[in-house]
Amino acid sequence: MRRPNSIVIAIDGPAGAGKSTVAKLVAKRLGYLYVDTGAMYRAVALKALRLGMDINDEVMMSQLAQMTDIALRQQSDGNVQVLLDGEDVTEAIRTPDVSEASSVVSAHLGVREALTAKQRLLAEQGGVVMEGRDVQTVVAPDAEVKIFLTASLEERAKRRWLEMRQRGVDIPYEQVLQDLKERDERDSTRSVAPLRKAPDAVEIDTTGMTIDEVVDKIVELARQKAISLKGVKEG
């Protein structure tokens with residue numbers, strides 16, 4: 001059941017566009033729940049890698065997703081703790097290996113079906129900022145605000161490289177750039193849940209923009225939508 005005066009904000013875009021950072025800050029500003037759908041796919045990928053499973057085997061990956069317990073726990077600072085079968089894997093799912101494996105695992109239809117149902121239950125409550133692949137088109141197609149965040153390939157690679165360095169991951173910038181280029185191609189051409197902007201989504205090119213500027217723009221769009229919807233109901 002929807003909470004009063006609450007809406008759903010769905011944010012998607014290519015890897016490295018800043019979706020997670022922006023979504024968390026928008027949720028914090030609005031007092032909404034932040035839902036990182038991509039973290040759920042990363043968790044499945046991490047488990048598969050740990051078990052030495054073939055991530056290209058759709059049947060095995062789909063069964064694994066169905067049998068795996070994944071929980072997102074909101075923290076007081078606005079961050080989300082990712083629990084994989086009860087274990088905190090918030091940091092473990094952010095390595096380059098898991099990122100690449102996640103892109104493969106999330107392309108399996110069975111995996112997406114297993115995780116989409118839970119994501120939709122969260123969206124139905126309203127008052128959420130959902131971030132991740134196909135949230136605009138599949139998970140929450142009725143979201144009141146849809147945002148497609150993008151940026152130049154070079155800008156996204158730089159951001160991802162700096163993020164990894166801050167986490168202590170030593171990786172050449174050129175490798176990050178190449179990995180993102182390959183992931184863009186894979187994500188936009190795959191048959192299941194390809195990367196694409198919903199027709200009614202607002203595209204925001206964040207190249208040259210500060211995080212605060214991006215957050216301000218989305219928060220303003222959300223507030224305008226909430227006001228307009230309130231006016232319709234009262235009318």
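Bear in mind that the values here come from a model prediction, so they are computed numbers and not experimental data. (Residues numbered from 1 in each chain as written. Predicted model: local features only at pLDDT ≥ 70, side-chain atom pairs only at ≥ 80, totals over all residues. Heavy atoms only, no water.)

## Here we look at helix H2 (residues 37-51)
Moving on, step 1. If you check H2, its first and last C-alpha atoms are 22 Å apart, about what 15 residues at 1.5 Å a residue would give, namely 21 Å.
Moving on, step 2. Summarising burial for H2: 11 of the 15 residues are buried, a large majority.
Moving on, step 3. All of the buried residues in H2 are Thr37, Ala39, Met40, Tyr41, Arg42, Ala43, Val44, Ala45, Leu46, Lys47 and Ala48.
Moving on, step 4. Of the residues flanking the start of H2, the one acting as N-cap is Asp36, its side-chain oxygen 3.2 Å from the backbone nitrogen of Gly38. (Helix = DSSP H or I, 4+ residues; strand = E, 2+ residues; numbered from the N terminus. Expected span 1.5 Å × (residues − 1). Buried < 20%, exposed > 50% of the residue type's maximum accessible area, 1.4 Å probe, protein only. Polar contact = N/O pair within 3.5 Å; in protein donor to acceptor, adjacent residues only side chain to side chain.)

## Considering the sheet that holds strand E3 (residues 70-74)
Where strands meet in a sheet, backbone hydrogen bonds hold them as pairs that are either parallel or antiparallel.
Moving on, step 1. The three strands are arranged E3-E4-E5 in an open sheet whose pairing can be described as antiparallel. Two strands in the sheet have a free side with no partner beyond their single neighbour: E3 and strand E5 (87-88).
Moving on, step 2. As defined by bridge partners, strand E4 (residues 80-84) adjoins E5 across two bridges and the pair is classed as antiparallel. Note that in E5 the partner of Leu84 across the bridge is Glu87.
Moving on, step 3. Running at roughly 35° to E4, H2 makes contact with E3, E4 and E5 of the sheet. (Pairing = 2+ DSSP bridges. Contact = heavy atoms within 4.5 Å. Axes fitted to C-alpha atoms, helices over the stretch in contact; angles between N-to-C directions.)

## Digging into unusual backbone geometry
Moving on, step 1. Despite not being glycine, Asp85 has its phi angle at roughly 50°, a positive value.
Moving on, step 2. Turning to its location among the elements, Asp85 is positioned in the loop between E4 and E5.

## Here we look at the side chain of His108
Moving on, step 1. Mapped onto the secondary structure, His108 falls in the loop between helix H4 (96-105) and helix H5 (109-124).
Moving on, step 2. For His108, a relative accessible area of 9% gives the class buried.
Moving on, step 3. Apart from the residues lying within four places of it in its own chain, the contact partners of His108 are Ile55, Asn56, Asp57, Glu58, Met61 and Val192.

## Examining the sheet that holds strand E8 (residues 202-205)
Moving on, step 1. Ordered in space as E2-E6-E1-E7-E8, the five strands form an open sheet in which the pairing is parallel. The sheet is open, and its two borders are formed by strand E2 (33-36) and E8, each paired with just one other strand. For this sheet, the mean angle separating the axes of adjacent strands, direction not counted, is 20°.
Moving on, step 2. Where strand E7 (residues 145-150) meets E8, four bridges bridge the pair, whose relative direction is parallel. Across the sheet, the residue bridging to Thr150 is Asp205, located in E8.
Moving on, step 3. Against the sheet, H2 makes contact with E2 and strand E6 (128-131), and its axis sits at roughly 40° relative to E2, the strand it touches most.

## Details of H4
Moving on, step 1. Of the residues making up H4, those classed as buried are Val98, Ser99, Ala101, Ser102, Ser103 and Val105.
Moving on, step 2. Buried residues along H4 sit against H2, helix H3 (58-67), H5 and helix H8 (173-189).

## Quick notes on the packing of H2 against H3
Moving on, step 1. The N-to-C vectors of H2 and H3 enclose an angle of 115°; their axes lie 10 Å apart at closest approach. Regarding H2 and H3, the two cross each other, and that crossing is right-handed. For the pair H2 and H3, contact is made by Val44, Lys47, Ala48 and Leu51 and by Met61, Leu64 and Ala65, respectively. (Left-handed = near helix turned anticlockwise from the far one by under 90°.)

## Some thoughts on the pairing of E4
Moving on, step 1. Counting buried positions along E4 gives five out of five residues, so the element sits mostly inside the fold.
Moving on, step 2. Here E4 shows no split at all, with Val80, Val82 and Leu84 on one side and Gln81 and Leu83 on the other all buried.
Moving on, step 3. Relative to E4, E3 runs antiparallel, the two sharing five bridges. Bridged to Leu72 within E4 is Val82.
Moving on, step 4. From the end of E4 to the start of E5, which pair antiparallel, there are two residues, and Asp85 there has a positive phi angle of about 50°.

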